[in-house]
Amino acid sequence: MNEIYGIEIDTDGRCYHYHQQNDIVGLKCQRCNEYFACYKCHDNLRDHSFVSCDKNDYPAICGKCRKKMTFDDYKNGYCPSCHAGFNPNCHLHWDIYFK
Ligand SMILES: [Zn+2]
Ligand SMILES: [Zn+2]
Ligand SMILES: [Zn+2]
């Protein structure tokens, strides 16, 4: 399923750590093959550290419509399917999430 996991997760994928209006992207750990609201949630919920995901292996998912995105889809800053906008500050953490 296209579930997004996280601490205090809401229906759009916001979590305890990142819960602004546009914090709606789930990020995939390459080891779990599951989507998480953020790496902090992942590291709390799993027994290993977040493993960055290949840019072409659908590393991101839209929390609104659950569209899976390649890095090229995601980096435009909005969902290619439902056009919801994503938090532009996420680029600070791109090295954690994508490879
Ligand atoms: Zn993992
Ligand atoms: Zn989190
Ligand atoms: Zn969407």
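What you see is a predicted model; the values in this text were computed from it and never measured.

(A) Layout of the overall build of the protein chain. In terms of regular secondary structure, the protein chain is built from three helices and five strands. Listed by position from the N terminus, the elements making up the protein chain come as β-β-β-α-β-β-α-α. Taking 2.2 N^0.38 as the reference for a compact globule, 99 residues should give roughly 13 Å; the C-alpha atoms of the protein chain span a radius of gyration of 12 Å, in line with that estimate. The principal-axis extent of the C-alpha atoms belonging to the protein chain is close to 35 × 30 × 25 Å. Expressed as a percentage of the 99 residues in the protein chain, the buried residues total 32%.

(B) Seen up close, the sheet that holds strand E1 (residues 4-5). Strand order in the open sheet made by the five strands is E1-E3-E2-E4-E5, with mixed pairing throughout. The two strands at the open ends of the sheet, each matched to only one other strand, are E1 and strand E5 (68-69). Bridging between E1 and strand E3 (residues 34-36) involves two bridges; their strand directions are parallel. The residue of E3 that forms the bridge with tyrosine 5 is phenylalanine 36.

(C) Quick look at the nonpolar core. Ranked by size, the top nonpolar core spans 23 residues in total, and within it Val25, Phe36 and Ala37 carry the most contacts. Elements represented by at least two residues in this core include exactly strand E2 (25-29), E3 and strand E4 (60-62). The contact partners of valine 25, leaving out residues within four places of it in the chain, are Gly13, Ala60, Cys62, Gly63, Phe86 and Cys90.

(D) Examining the pairing of E2 more closely. The element E2 is extensively covered by neighbouring structure, given that five of its five residues are classed as buried. Of the two faces of E2, the one lined by Val25, Leu27 and Cys29 and the one lined by Gly26 and Lys28 are each fully buried. Relative to E4, E2 runs antiparallel, the two sharing three bridges. Looking at the pairing, glycine 26 lines up with isoleucine 61 of E4. Sheet analysis places E2 next to E3, joined by three bridges and oriented antiparallel. Residue pairing across strands places cysteine 29 opposite glutamate 34, the latter belonging to E3.

Conventions adopted
Residues numbered from 1 in each chain as written. Chains lettered and ligands numbered in written order. Predicted model: local features only at pLDDT ≥ 70, side-chain atom pairs only at ≥ 80, totals over all residues. Helix = DSSP H or I, 4+ residues; strand = E, 2+ residues; numbered from the N terminus. Rg over C-alpha atoms; globule rule 2.2 N^0.38 Å. Buried ≥ 20, exposed ≤ 12 C-beta atoms within 10 Å, placed from the backbone. Pairing = 2+ DSSP bridges. Core = buried A, V, L, I, M, F, W, Y, C linked by C-beta atoms within 7 Å. Contact = placed C-beta atoms within 7 Å.

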